Amino acid sequence: MYVGYKVSCLDPTVPHLFATPEEQLALTAKFAELGLVDLGEHLARVIEPLLKAILEKPVAYQHFFCLVYQEGDYIGPHDDAEMGDRVNVQFPIPFAAATGFRALKDEAWELYYDTPGSVRILGPNVWHEVLPVLRLDQQQEALRLILSLRFR
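Residues numbered from 1 in each chain as written. Predicted model: local features only at pLDDT ≥ 70, side-chain atom pairs only at ≥ 80, totals over all residues. Heavy atoms only, no water.

This brings us to the packing of aromatic side chains. Two descriptors summarise a pair of aromatic rings, namely the distance from one centre to the other and the angle between the planes of the rings. Under the counting rule described, the total for this entry stands at three aromatic pairs. In this structure, R144 packs its charged tip against the face of Y69, placed 4.8 Å from the ring centre. (Phe/Tyr/Trp six-rings, centres within 6.5 Å; stacked < 30°, edge-to-face > 60°. Lys NZ or Arg CZ within 6 Å of the ring centre and 35° of its normal.)

Here it is, written out as structure tokens:
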């Protein structure tokens, strides 16, 4: 359960996020046109053996999606248990912003900054929160993209 949040999700596999089926088809086509479908499949082939070793169980790649945070966007403390037994592999990309998240570790919140090249693996029972996106430069719009691969 989310307690306070402001974020957008671009996921062509979730129809309820879109006003019309035509918009969903357009997003699916845009993901393919931009190479995001191929990128997700390529990254999944590379990451899947590592995930299997870490989790000590088989996983299967499902799809690629993006979370989009603008200035001030955030998600309060939560886990994703209601989404079932899934694992998200995330690549955070901040633009003109200070961004990060905190995860509960040994009963304390540990801070993780979004830095170029960082990758995070989040299972359904990881308690975490996304900190508000803060602008670094008043002349540029702050943006935080999370490229996400979903495995089950």
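Attention now moves to the pattern of salt bridges. Under the criterion given, the structure shown has 11 salt bridges. Across the salt bridge formed by D80 and R86, the nearest N and O atoms sit 2.5 Å from each other. Residue D80 shares its accessibility class with R86, and that shared class is buried. When the shortest N-O distance is used, the salt bridge between K105 and E110 registers 3.9 Å. For K105, a relative accessible area of 43% gives the class partly exposed. For E110, a relative accessible area of 31% gives the class partly exposed. Each of E71, R135 and E141 takes part in a single network of salt bridges with overlapping partners. (Salt bridge = Lys/Arg side-chain N within 4 Å of Asp/Glu carboxyl O. Buried < 20%, exposed > 50% of the residue type's maximum accessible area, 1.4 Å probe, protein only.)

This part takes up the sheet that holds strand β2 (residues 8-10). Within the open sheet, the five strands sit side by side as β2-β3-β12-β5-β9. Their pairing is antiparallel. The open sheet is flanked by β2 and β9 (120-122), the only strands paired with a single partner. The average angle at which neighbouring strand axes cross in this sheet is 25°, direction not considered. Bridge analysis of strand β5 (residues 87-95) against β9 gives three bridges, and the strand direction is antiparallel. Looking at β9, one finds that V89 is bridged to I121. (Pairing = 2+ DSSP bridges. Helix = DSSP H or I, 4+ residues; strand = E, 2+ residues; numbered from the N terminus. Axes fitted to C-alpha atoms, helices over the stretch in contact; angles between N-to-C directions.)

This part covers helix α2 (residues 36-55). Where α2 bends most, the angle comes to about 40°, and this point is I47, followed within four residues by the proline P49. Packed against the buried residues of α2 are α1 (21-33), β3 (61-70), β5, β9 and β12 (143-151). Immediately beyond the C-terminal end of α2, within one or two residues, lies E56, with a positive phi of roughly 55°. (Bend = angle between axes of the 7 residues up to and from the residue. Contact = heavy atoms within 4.5 Å.)

Position of D79 relative to the elements: it lies in the loop between β4 (74-78) and β5. This buried residue, D79, is left without a salt bridge; R86 holds the nearest opposite charge, at 8.2 Å. A distance of 3.4 Å separates a polar atom in the side chain of D79 from the backbone nitrogen of A81. Engagement of the side chain of D79 in a polar contact is seen with the side chain of W127, the distance being 3.5 Å. (Lys, Arg positive; Asp, Glu negative; His and termini not counted. Polar contact = N/O pair within 3.5 Å; in protein donor to acceptor, adjacent residues only side chain to side chain.)

Without other data, these values stay purely geometric and don't point to any function.
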